[in-house]
Amino acid sequence: MGSRAVTLHLLLVGAMSSLPSWAVAQAGGPREVHAVRFVTPPVVDGRLDEAAWQGIAPASGFLQRDPVQGEPASEDTEVRVGYDDQALYVSARLRDREPSAIVRQLSRRDVAVEADAFLVYLDPHHDHLTGAQFGVSAAGVQRDALIYNDQFLDPTWDAVWASAVRIDDEGWTVEMRIPLSQLRFTASDRATWGINVQRVIQRRNESDWLELVGKNEPGLASRMAHLDDIVGIRPPGTLELMPYATSRAEFIEPLVPGNPFNDGTRGFAAAGMDLKYGVTSNLTLDATFNPDFGQVEVDPAVVNLTQFEVFFEERRPFFTEGAKVFGNFGRSGASEYWGFFRPEPTLFYSRRIGRAPQGRYASPYLDAPSTTTILGAGKLVGRTRRGWTIGALNAVTGREQARLSNGVQTIERDVEPLTNYAVVRAQRELGARAGIGLLGTSVVREGREAQLENALTSRAHMLGMDGHWFLDASRRWVLHGGIAGSRVEGTAAAMTRLQRAEQRYYQRPDAPHVSLDPTATSLSGWTGQANLNKQGGNITANFGVWGMSPGLEVNDLGFSTQTDRAGGHAMVQFRKLIPSGWTRERTAWVSKWWTWNYGAELQGDGWQGAMSAQWRNFWRTSLTLTHARRVWDDKLTRGGPTVIRPGSVGAQFSVLSDNRKVAVVGTDLGYTARQYGASALTAGVSVALRPAPAVTLSVGPAYRRNIVAAQYLSTVDDPLATQTYGRRYVFGELDQTEVSMVTRLSLVTSPRTSLQVFLQPLVSAGDFGAIKEVAAPRTFAFVRYGEDAGSTIAPGPAGQGLVIDPDGAGAAAPFAIAQPDFNIRSLRANTVFRWEFRPGSTLFVVWTQNRRDTGLTGAFDLGDDAGRVFSAPADDVLLVKMSYWFGLR
């Protein structure tokens, strides 16, 4: 052997000796699991004594990922896999020296709780990117999810499959039957799939894996063992129908004398159907006709004092299932994504479909629908023979009308036109180290009334391209990003509304890079980003640049609160994810970020850093520190001149106790100090109790105190206000106090029967001090009414609102504003009984209550306000819904 060869050999030996033993063991390649074809398949009852299982060699030798990565599992696990022409079968013997200590906490399906569990991960395409997860707890509760982008899980997917568990004196056993109709794979005479298996031993906080993937390494689908010897199976055809019927009663308060639309009660009944059809072995069509989503949990109450819309998560099953195929734009290939105060647009936001009607009318009596009726929707999801992963969705919502009455005459007006929504997503891997994708959306409205045509776009289109490129074979360095353009069309009035909207404020008097065009009938813009990730090892990093042009508009089928922004950031993270010293794992990171508008004015500039740790006793703590420098703010005056955005420093600290225990307590405390006397204090406590296997209770009181130096109130035209371009921008000094408490109760009597209760009382009070106007652009100086420049402020007629004379005896005209002080008392309650009386078929009984009361004192009195929460007028809804699943193929 030559000297160079010897040197190379020694280097390799040294490198291998420095690796953990489990990494050395796996360096030879993935493990192999051998499947056996059944002549007579086993009965899925949790017993493993049938002959079908006896001739299969088990896969064993699991390794810990937690708590000590790479160590042998504390208990033995044996897994066997079989199949026939209809299904894949998995069995497991999970030995446990303390069977009585196995944790069997019950929960609703797909809700992960602290319980012993067994999970199987499959990659039937063997593309190292996609797959499915099937899991069952020691209490027999199922969960399933789709794997996408190699390592992320989408738990909204619900397959129909069978499982059974048993506890005995050796531990517990699992049997699964996964119909091939629930999987997507390509027909072949002999196939190899990816497989991995995970076992959770809850009392030890232990996670054991058949094919161990280190915590510092990205990937899930790409790091599986091989499931060999799958011979002669073909994807079966799929046709599933699920008709439903629902009835609903509403009880509405308060009763208004003379209101012809509300006698206190309403009744509704409806029917519809969902359909699932296997177009090919790899493409599935899902359709819904006249859907009803009354079983979905209500949105939480919020008090929004900004000009921007609040984002609420999608919860409707048709739109959540498989939704990840439409998302992830610009993030493919990345195991972590960091934004750092980037107002990133969501290019597809499915809650736009079926949204609240957008037409607004003033009338003494008004009866308007709360949502737009979805007449029908369909989506096609799957994979083509050429390797494209595709998703296409189309939905049609109906024309909606409101009834208006003055007590004598009733008329009808359109509040939402007939609308078609469409979205298409396609992604494809280019070899082993790159990928590309396309995303397009389209909204087409049929206008009938001038008021709606002048308020809404008639056409809205968006098209984008994204992709990634791994810079090294180990996939630790990845460059990823995307670019998209939008175009909307409509009347000149509709386009003027968009130009003046809070996303862009084209009417700003001191923004030369934008201008309002009242004759425009279209608006176009773009958004883009590029990111470099280092995503493996103990040191990770992320660097990004991004931009959104002023004309970007995606809100017809997306979600965006701001445009006219560009920025960048850099982040470095240090982590130790294996036990060391006092901790089981710890991380620390630091970042720097900037934001500009398209006039090259700095709108954000700051640092942020965080430290977190899980300690040896399984408690967790985290600390986040933020510093933002004083910069410009071109949005505070809501279409007016630029002013100063005050600088700030903030800290947030949280603690979470050992989540293995019957009682888990968490707390968080945050404080931000801003220049000019403003501040924000937040505090919260969370308590989760599991007093019995069938019961979970969580309570989370939260407190917030905001001292706002300048809260926007109004804009008043006045040609004498020459310093501020002929308008007065009115603000107030606000002291806001808010208390809320989210309570959830889960009572699960069996894996198929559950009762879920959600309760959120909220009290918020805002007390305004000085009322003032902006004194000059590019400052944070104000003229305080009643104190400066001879101005006066007084209560309005009959104590309604405030009358302000901005210069006293001067020539400026007085003006009035509404009373700014406020009190809001709200209660959201939701109770859902769910019974899956046969696989895929469900009965729901749902009760929902909304209470709301308002006032104008601004005084915070928790005792009085809490009493008013429960005595406020209530809207109650009682709903019964039953769906029945038919598997026809």
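Our subject is the structure that appears above.
Residues numbered from 1 in each chain as written. Predicted model: local features only at pLDDT ≥ 70, side-chain atom pairs only at ≥ 80, totals over all residues. Heavy atoms only, no water.

Caption draft 1: Structural view of the sheet that holds strand E22 (residues 410–416). Spatially, three strands are ordered E18-E21-E22 in an open sheet, and the strand pairing comes out antiparallel. The open sheet has two free edges, formed respectively by strand E18 (365–367) and E22, since each of these has just one partner strand. Strand-to-strand twist in this sheet, taken as the mean axis angle between neighbours without regard to direction, amounts to 25°. Where strand E21 (residues 400–405) and E22 come together, six bridges link them in antiparallel fashion. Within E22, the position partnered with Glu400 by the bridge is Glu416. (Pairing = 2+ DSSP bridges. Helix = DSSP H or I, 4+ residues; strand = E, 2+ residues; numbered from the N terminus. Axes fitted to C-alpha atoms, helices over the stretch in contact; angles between N-to-C directions.)

Caption draft 2: Structural context of the pairing of strand E39 (residues 727–750). Two elements, strand E38 (residues 695–717) and E39, share 20 bridges in a ladder whose sense is antiparallel. Among the inter-strand pairings, Val695 is bridged to a residue of E39, identified as Leu747. For E39 and strand E40 (residues 753–774), the ladder comprises 17 bridges, and the chain directions are antiparallel. Along E40, the bridge assignment pairs Leu734 with Phe768. Connecting E39 to the next strand, E40, in antiparallel fashion are two residues.

Caption draft 3: Representation of empty space enclosed by the protein in the model. Considering all chains together, one arrives at five cavities of 30 Å³ or more under this definition. In this model, the second largest cavity occupies a volume close to 80 Å³. Around the second largest cavity sit 14 residues that line it, and Ser107, Val111, Ser137, Val141 and Arg143 are the ones nearest its centre. (1 Å grid on protein atoms, 1.4 Å probe; cavity = no way out; pocket = protein on both sides within 12 Å on 5 of 7 lines; lining within 4 Å. Points joined across faces, edges and corners; volume = space filled by probe spheres on them.)

Caption draft 4: Region of interest: helix H6 (residues 492–500). Taken together, the buried positions of H6 are occupied by Ala494, Met495, Thr496, Leu498 and Gln499. Buried residues along H6 sit in contact with helix H5 (450–453), strand E26 (477–489) and strand E27 (522–534). (Buried < 20%, exposed > 50% of the residue type's maximum accessible area, 1.4 Å probe, protein only. Contact = heavy atoms within 4.5 Å.)

Caption draft 5: A nonpolar patch on the surface, seen in detail. A surface patch of nonpolar side chains, about 390 Å² in accessible area, is lined by Phe251, Val845, Trp847, Leu878 and Val880. Looking at the nonpolar patch, the elements with two or more residues in it are strand E46 (841–855) and strand E47 (874–883). Topologically, Val845 is positioned in strand E46. (Patch = residues over 30% accessible without salt bridge, like charges linked within 9 Å, V, L, I, M, F, W, Y side chains within 5 Å. Areas by Shrake-Rupley, 256 points an atom, 1.4 Å probe, with all protein chains shown as cover. Salt bridge = Lys/Arg side-chain N within 4 Å of Asp/Glu carboxyl O.)

Caption draft 6: Broad picture of unusual backbone geometry. With omega at 0°, the peptide bond leading from Asp66 into Pro67 counts as cis. Residue position: Pro67 is located in the loop between strand E3 (63–66) and strand E4 (77–83). Residue Asp110 is not a glycine yet carries a positive backbone phi of 70°. Within the secondary structure layout, Asp110 lies in the loop between strand E5 (87–95) and strand E6 (117–123). On the accessibility criterion, Asp110 (22% relative accessible area) is partly exposed. Unusually for a residue other than glycine, Tyr725 sits at a positive phi of about 60°. Relative to the helices and strands, Tyr725 is located in the loop between E38 and E39.

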